[in-house]
Structure formats: C-alpha cells, structure tokens
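# Residue-level structure breakdown
As a plain string of letters, each chain reads:
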Amino acid sequence: MKVDNIYKEEKKSAFAKLSEIIITMASRPSGLIGLSILVFHIILAFISPYIAPHDFKAIDPTLMLQAPSAEYWFGTDDLGRDVFTRTILGGRTALTITFFGSLIALLWGGLLGIFCGLVGGKIDDVVMRIVDAFLSIPWILAMLLIVSLLGTSTEVLIPALGFFYGKGIVRVARAATHDVIAKDFIVSARARGHSNFSIIWNEIIPNVRDAILVEGAMRWSWMLLGFSSLSFLGFGVSPPTPDWGLMISNARGLMSFAYWAVIAPIVGLSSLIIGINLTADAFAKALGIDRSTKAPV
Amino acid sequence: MMTDIIQKVKNLSIGFRSKKGDEILILKNISTNIKKGETVGIVGESGSGKSTLALAMMGYVKHGLYTIGGECQFNSSNLLKMKSKDLEKIRGRKIAMIPQNAGQALTPNLKIGYQIDEALQLHSDLDEIEREKKISELLNKVRLPSPETIALRYPHELSGGQQQRVAVAMALAGTPDLLLLDEPTTGLDVTTQAHVLELLNFIAKDTGTSMVYVSHDLGAIAQVSDRIIVMYSGEIVLEGPSRDILKKPIHPYTHGLLKSIPKLSLAGLPESMPGSQPQPGTIQGGCSFFDRCNFSDDNCKNNSPKLEFLKDLNTSVRCFNYEQLVNENEVSQTVNKIKNKSLDKEILNLSEVSISYAKQKLLDQIFNRISDENPTVKDINIDIKKGETIALVGESGSGKSTILKSIAGLLRTKDGLIKFDESRNLSSDLKERDPNDLRIIQLIFQNPDESLNPNHTVEEIIAQPLKLYFGLKGEKLKKNIIDLLQKVRLGEFYMSRYPRQLSGGEKQRVAVARAFAAKPDIILCDEVTSALDVSVQAAVLNLLQQLKEDFGTTYIFVSHDLAVVRAISDRVAVLYQGRLCEVGPSNDVYKFPSHPYTEVLLGAVLEPDPDIKPKLVAEDIVEERPPEKGCSFQGRCSRIVGDICKKEIPPWQLTDSGNAIRCHIPIKELQKQQF
C-alpha cells in the first residue's frame, strides 16, 4: 500500500504535543501577542522582587505624589512609595491566587460536570439545580460574606474563588460530556462492564479535556478581574502588600492631579487579562475548538 | 448534435491545498456531457469525488476546495466563473438539486405548502392563485396522498419517504432542465427506497428532465440510469450505457465491485476486493487502482492510463488491460458457501421477551396502562444454537436493534427470560450481570467512527477488554494485541495509529478485533457493514466468517440489507413493529411461501442488474406504533383476509422445510397467491 506522509501520524509524547500546540498558537498574531504578554507577566512575577529599584513599603512624606522622573519612573503615590516598584510587584499575589484558584475550579467543576453528564437522571437534575441556584447569587456578595467571616488569607481566597468560578465549568463539562456520551464507544465500554470511574477516566476525559481546559483558561482571566475587584473593595490583599486592585482603589481619588499612580496598575491588570484571554482563544483554536462558532453551555 | 447537450464538463479539476502547501486533487481532469432527457448515474465510493462533481455541475464548489482548471458549461456559459447573481437565476429554475437528507433540507418550522410556495415564487412567474393550484399539482405528481392536507403539515409530521417526495416536488417547482440528485434514497428504508426510485423514473419519463443521480449504491443506480459514470479516486474510470456497464464491465474496478456485491439469488459470501480506495493526494504516478487490481502489470505501476473511448462499445475506459475483460462473459459471481458447525446445543434462548420504551411512572401505571400492554417489542421467542449465525431483519423501527440491546444488557426487558447455555439466566440489566456474563457477549457496532474512541490508539482500544477480563499486562498484553491484529489482517504497525488515520474498513477490523479480544461466545453485530463502502463490505463479511469458523462463535446479525443477510446467515428472523413475522433457515425464508411482509421486503431489494426490477407490493406507509390487537402487519398488508387479521394474533404455521410463518392465511393458500 502506498501511504503518503500527510495521513501518517504516530503517537506523540505529551511534551511533543504541547510544543506543537504552542507553536500553532504562536503562528497567529493574536496568539503570539497573548502568549508574549502572559509569559512577560509570569517572568515578571518571578523576578520582580530582585529587580525592584526601591522598597515597596518605604513611606516618605517628602516624596508624596511626585510625577514620573528618572529616579521614580512611574512617580510616587500619596504616601511617597515608588509606583514602579509597587506595579511590578503588584501582580504576584493576584497571579498566584487566581492560578491556583482556577486549578481548583477546573478540577471540581470539570469532574462534577462529567459525572453529572455520565450518570444523568435524578442525581444530575438535583446537582444542576443546585449549581443554577448558586449561579443566581451575585458572586461578589457571597465572596464578601465569606471573606468577612473567614478573613482574607490565601487559604480562604483560593478555595472560595475556586468554588465560585467552578460553577460555570460544571455546565461546560456536562455539555461536552453529553456530546460524547451517546457515542457507541461509551456504549461499548458500558456493555463490556467497565466501572463508571474507568469510563470517565479512559473514555470521556480524553474527549472533553480540551473543551474544559479552554474554559478553565477563560475563567482564569475572569477570576483575575474578580480578585482585583475584591482588592479594590478592600477585601483582597491587605496593605501594605502591593496589589493592582488595591493600588487603583487608593489612588483613584487623586486621579485628577496624580494620574500616574492609577494608570500604572490599570495597565498592568488589563494587559494581563487581555494576555490570558488572547492566549485562551489561541489555545482553543490550536486545539480545533472555535469558541466564536461553537460555544458549549 | 450540440443542442442535445445540456451540460458539458470540460477538463474539470477541483482540489484543495494541504497544510504543507501541496495541491491535492479531488477531481482530476473530468470531461463528460449530460444530454437532454437522459439520466446519468454517477457511482463511486465515499471520497471518489462524485458529490463534488455533482455540485460543480450547479456551479458550486464546497468551502475549502477550489477550481484548479476546466469548466462546467451550461447553455454555453461556464457556471464556475459566473457571478452569484447570474447563478441565482439558473439554480432552481434551470438546475435543481435534491439532497440526501430531505428531513434536514426542509425548514422545520415552515409548513410544506409554504416552502413549496417559496420555491415557486422564486423560480416561476405565477400569481398567487396559480401557485396554489401548482402546489397541489406538484404534490400530486410526487404521489403524496391528499395534497391539500399535506401542504398544511410541518416537515416533522411526514415520514422520511414523504419528506423526500416533498424535496422532489420543490425541485420540480422551477421546471428545471437538469435535476441533480445526491444519494436521494440512501437514508430510506428498503421499501420506501424502491417507491422513491420508481417515482423518479416516472418523473424522468413524464417531464423529460435530465437527471444526474449520484449514489454509492449500484442497485439504485441500475434502476434509474441510462448511462453510468464510474468514479474512482477523483477520476472517471468507466463511462458507458447502463446495461453494458452492469452486465459486462470492462474496467477491473467495476468488474471486481460487481463480483463482490452480495445478491439475493446467491447464498454464500462473494469474493472480496483487497485493500481500499487511496486517500486523495497519496497516489504517486501509475494507475490509481493498481494496488487492488487483478489485471495489473508493471506498466500500470509506472504510467497512469488515459480515458479511452471505444467506438464499437460506446464506452470510455481508463485501463491498459481492458481487452482482457472485453471478451469475458457476463460477470460470474463465485461465492464461498458458508460452513458453520452449528451444534444442537442451545446457546441463547429468548422466551416471551417484551421490551417497552414507555416511562414507568406511578401515575401512568394507575391511570394509563395502554402503553404497558402494547410494548415496542413483544412475544419474542427465539432459540439460538451454538455456532450458528442468526440474522434479525426488518426496516427501521422493527425493533431489531432494541432486542440486541437487551441481549447485551443495555436495555431492561419488561417481561421474558434470556437464558444462556440452557441454564444460566441473564439479567437484561448490566449491573446485575457478573463480569463473565458480560464477557461472553460482545458487540460490534454499525459505525466504527463512533464505536472507537478517537483519542485512543489502536493498541489502547484493543487492550481494554484484555485488561478488563484477563488482567493482562506488559509484554503479554502486547503479544495478545499483535495476535488479534494479525487475525483481522492488520499489521503490527497499526498499534500506534489513531482511528482517524485508518480507512473505514480498517476501523471496522479494529472493532472486530476488540470484540474477539474478550473471547466471547456470542457476538452481536449491529448493521456492521452498512457504514462501509461497497468494495470493503465483502472483505469484512469474509473476515467475520473466517473468524467464526476459527473460534466457533455464534453471531446474532442485525441488518436491513437482505442480500447481506442472505450471504452470511444460517437462519433469519423477520421482524415487523417489534413482533416476529417469520423465522426459518435462510434458504427457505428467501423462497416462497413467505410472510406477506417478507414478500414486501424481498420485492423491494435493489439489485445491480437492470433486468431485475423491484416489485412494489405494499404501500410505503410508516407506522408509528404497533397495532394493539391482531397481526402486526395489518396496516400495510396487501393480502389481508378480513377482520380476523385486525382482532386475533396470527398463529405460527410451519412449512415443510421448517420455516415458521405467522399469518392467518394457510401456508398452501399463501404459496398459491405468491406464485
């Protein structure tokens, strides 16, 4: 048989697959931009403590609200702290907390969604109505309640955010599972007598993984915005730890004459969100899921 | 003579660009003419380019494909270069298309009459009153009962056959000169298919419209076409008068194809054609059929043959060695008679099985017991002997797959017992079966695209039952997988492939290997060949038979294709509306006397022979649910004897040869009527 190479494709290692996906993502301008912004932010989060030119909590009343200069690149805030230092450090907490938060959201949302999709029937009905009920509660109110009861420590914020942003993933995972559940390979596995666990692990997850991962990446950017909103309201990171949401909140009253103190964290936050969004979109396209035409839920 | 030609396809090439930037041809340099009033059948396997050619004939190229060269001339203008505004004037008015799935082509929320009216508004200059008249005229023409009421219905209220008729009526609304039909009967039941083809024949004669009939089914093509074009991997390999091509094909592909199609008149498995059609872009010089050809030589390997017109035969052929076939007589089919060592030992016994899809709610049970008394499947009594192949046949809705599901434990029965090996009761609920009960019964599904997990390699797919039932690991597991692959004639290198890298036949082989991996006693085959290409079908059937002879497995074979059933089975059970009509040795079921429903089914089978016309015995009405009383076939039976058929369940009657028929008409009387 003459078989040409375009139809031949051997099983690849996970690493080879991942690098291929990243190359595909970077081949689109939007993907390349998104990836570079995201990578820039991640690198910055790692190295910022070592490159910060000033002490982020050094208060100096003589330096209050100075305009950008050679010494203080982004100027200083109302307490005389260096805005540049605080801006490059300000993404660290948000990035870490939301990253782990979205991992938790992915895990519980994805697994519960797949489980509901698989078992169906009464269990599915009940679980989905509970999820719907939670979806109807404004998340910020519920978050405020949790945070004011349990405090704003990382151990509280990560699971709380993970819980509230996982609800949406339940729906996506369930819908994606419904797409494959009627296929004969699942019927075949059932008829052979595989356990539910084995069906989920071997048959369903490989087929819904992509959709859930993309959804998780999108949730990450939403969660980042949500977390910054909490900080903005004073329920996220506690001062003097630098955080974009907190910085925006502090400096917004002085915006009319010290715009630099507000603009720097805004640029930081929005560029990261745009970066994650573009990356998630490129990721979806590289996996062959086009979010613009085929949205689950 | 020029005026006779309605569509002229000249040197047409259509293709796409691969990721690497290579130009890959779907159609290669196609030239042909469609004459006024003739019906041309384009036949080929999936991927042969037949649909692309038909669409190009109305100036349409699918998204992702583009025209590389050549033209499609209609009224001496090239459709492929025309602006979309000018095309709009031609499509529908001059060239109309009938799609494969009419159910999807009709808008679900608009009434039939309105949709035809729309077509009339677009494609004719009639005023409102004339249009209304025309609608019932059109519906009458496609033989839909009481056009006035049909016009007020929504598409979902019609059966598949009726929907297809509406699609024909819509296409005729613009009184086109050319009708393109893309597999118009493929999704329909056998009896409906025969009726629709007969209608198309009538319309071709009545209106003088030219038709291009695209199909993979030589049987359907044989019934309608005057001329046949055979396509293989984007090329015309044979073109000529219908009768000559079907009786004395001079291209090895068509010759092999006709040899490999199971026929009603022949018991036993036909010879199979090796290999499968190459993927587009994979042929490197030489004849595209070289790999699979019995007549090929070195010349074929290096040079690709040109389409040669033979004046004395009025046929074009693309082959160097066609002369070897010219002098041969009509295609003679040799079949391998199946030899099954079926023992007297019973392996599976269904007694009084009934299955209901009705939801068993408490309120339903108290107030409304009708759904309970009239289940989808009722009164199934079959005993299956060890080592035999028993086939369940019937149209869609006959309950054949439902019964299979219950045997597999996927669907709870309402009543009745399923007994294995004369002693063990099998519950119809998976959860109540122990692992060994699950192992002894394995399933092979209709469509391997759906039954193989697209994210697993062949190795992982076949490993699953081996790990689950035998706990194999490491080298032992690998050795077993290689063994199984060899048994289904696939090489070791297939292990690392994904299903999408395999052809349809190869995928089904992997599915077969997975079923045999469990070392089952019974394999349930659910329409295993109906998703496969014609040339691959015989090979898979032969493989199944070979494996059965090696392992002594029992097959329960579900199919709607009576010719395939005839080829492979020892015994046949005919089902209608979930009730058995006839059970017997296949040789006898295919002979008269038979149950009136079997008679209808046998009459409707399409054979690739222009001399065998289908006999349309009963109307092609579709019944939604089985009748509550009396014979299940009363609604469509042409031999109904009176009230008794409507009131009493007919008795089983035995013929001399051991064939059981369930009918009120005495066997002798049936025999007289049917001869």
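Residues and elements named next belong to chain A. Along the chain, K167 falls in helix α6 (residues 154–181). D132 is the oppositely charged side chain nearest to the buried, salt-bridge-free K167, at an N-O distance of 9.7 Å. Excluding anything up to four places from it in sequence, K167 contacts W108, V131, F134 and L135.

Next up on the list: unusual backbone geometry. Residue and element names in this part refer to chain B. The phi angle at N314 is positive, at roughly 60°, despite the residue not being glycine. Here N314 shows up in the loop between β12 (308–310) and β13 (315–317). At D421, a residue that is not glycine, the phi angle is positive and equals roughly 55°. Assignment of secondary structure puts D421 in the loop between β18 (415–420) and β19 (424–426).

Let's shift gears to the sheet that holds strand β6 (residues 95–98) of chain B. All names here are of chain B. Here eight strands make up an open sheet; going across it, the order is β6-β7-β8-β3-β9-β10-β13-β12 and the pairing mixed. At either margin of the open sheet sits one strand with a lone partner, and together these are β6 and β12. Averaged over neighbouring strand pairs, the angle between their axes works out to 20° when direction is ignored. Bridge count for strand β3 (residues 39–43) against strand β8 (residues 210–215) is five bridges, and the pairing is parallel. Of the residues in β8, the one forming a bridge with V43 is S215. Relative to the sheet, helix α7 (residues 160–172) contacts β6 and β7 (178–182), its axis offset from that of β6 by approximately 175°. Of the strands in this sheet, β3, β7 and β8 are in contact with helix α8 (residues 190–207), which crosses β8 at around 155°.

As a further point, take the packing of helix α2 (residues 29–51) of chain A against helix α10 (residues 260–287) of chain A. All names here are of chain A. Interaxial distance between α2 and α10 falls to 7 Å at its minimum, and their mutual angle equals 130°. By the angle between their axes, α2 is oblique relative to α10. Crossing of α2 against α10: the hand is left-handed. Contacts between α2 and α10 involve S30, G31, I33, G34, L35, I37, L38 and H41 from the first element and G268, S271, L272, G275, I276, L278, T279 and A282 from the second. When grouped by side-chain class, the residues that make up the contact of α2 with α10 number eight nonpolar, eight polar and no charged.

This part takes up the packing of aromatic side chains. When we look at a pair of aromatic rings, we describe it by the centre distance and by the angle of the planes. With the rule as written, the count across this model stands at 16 aromatic pairs over all chains. Arranged with centres 5.6 Å apart and planes meeting at 65°, the rings of F99 of chain A and W220 of chain A form a pair that is edge-to-face. Of the two residues, F99 of chain A sits in helix α3 (residues 83–119) while W220 of chain A sits in helix α8 (residues 196–232), which places them 121 residues apart along the sequence. Using a relative accessible area of 12% as the deciding quantity, one classes W220 of chain A as buried. Taken together through their ring pairs, the aromatic side chains of W108, F134, F163 and F164 of chain A make up a single cluster. The residue whose ring lies beneath R497 of chain B is Y494 of chain B, and the NZ or CZ to ring-centre distance is 5.2 Å. If you follow K519 of chain B out to its NZ or CZ, it ends over the ring of F470 of chain B, 4.5 Å from the centre.

Interpretation of the predicted coordinates at a detailed level should be avoided for regions scoring low in pLDDT. Residues and elements named next belong to chain A. The predicted model of chain A has a mean per-residue pLDDT of 82, with 93% of residues at 70 or higher. Looking over chain A, one finds the lowest element-wise mean pLDDT in helix α1 (residues 14–26), namely 82, and the highest in helix α7 (residues 184–192), namely 90. A low-confidence stretch, residues 1–8 (pLDDT under 50), is modelled with 18 contacts involving residues beyond four sequence positions or located in other chains. Counting interchain partners and residues more than four positions distant, the pLDDT-below-50 stretch residues 293–297 has five contacts.

Now for the side chain of D184 of chain A. Among the structural elements, D184 of chain A can be located in helix α7. Despite being buried, D184 of chain A has no salt bridge partner; K405 of chain B is the closest side chain of opposite charge, sitting 7.8 Å away.

Scoring rules and cut-offs
- Residues numbered from 1 in each chain as written.
- Chains lettered and ligands numbered in written order.
- Predicted model: local features only at pLDDT ≥ 70, side-chain atom pairs only at ≥ 80, totals over all residues.
- Heavy atoms only, no water.
- Helix = DSSP H or I, 4+ residues; strand = E, 2+ residues; numbered from the N terminus.
- Buried < 20%, exposed > 50% of the residue type's maximum accessible area, 1.4 Å probe, protein only.
- Lys, Arg positive; Asp, Glu negative; His and termini not counted.
- Salt bridge = Lys/Arg side-chain N within 4 Å of Asp/Glu carboxyl O.
- Contact = heavy atoms within 4.5 Å.
- Pairing = 2+ DSSP bridges.
- Axes fitted to C-alpha atoms, helices over the stretch in contact; angles between N-to-C directions.
- Parallel < 35°, antiparallel > 145°, perpendicular 65-115°, else oblique.
- Left-handed = near helix turned anticlockwise from the far one by under 90°.
- Nonpolar A, V, L, I, M, F, W, Y, C, P; charged D, E, K, R; others polar.
- Phe/Tyr/Trp six-rings, centres within 6.5 Å; stacked < 30°, edge-to-face > 60°.
- Lys NZ or Arg CZ within 6 Å of the ring centre and 35° of its normal.
- pLDDT = per-residue confidence, 0-100.

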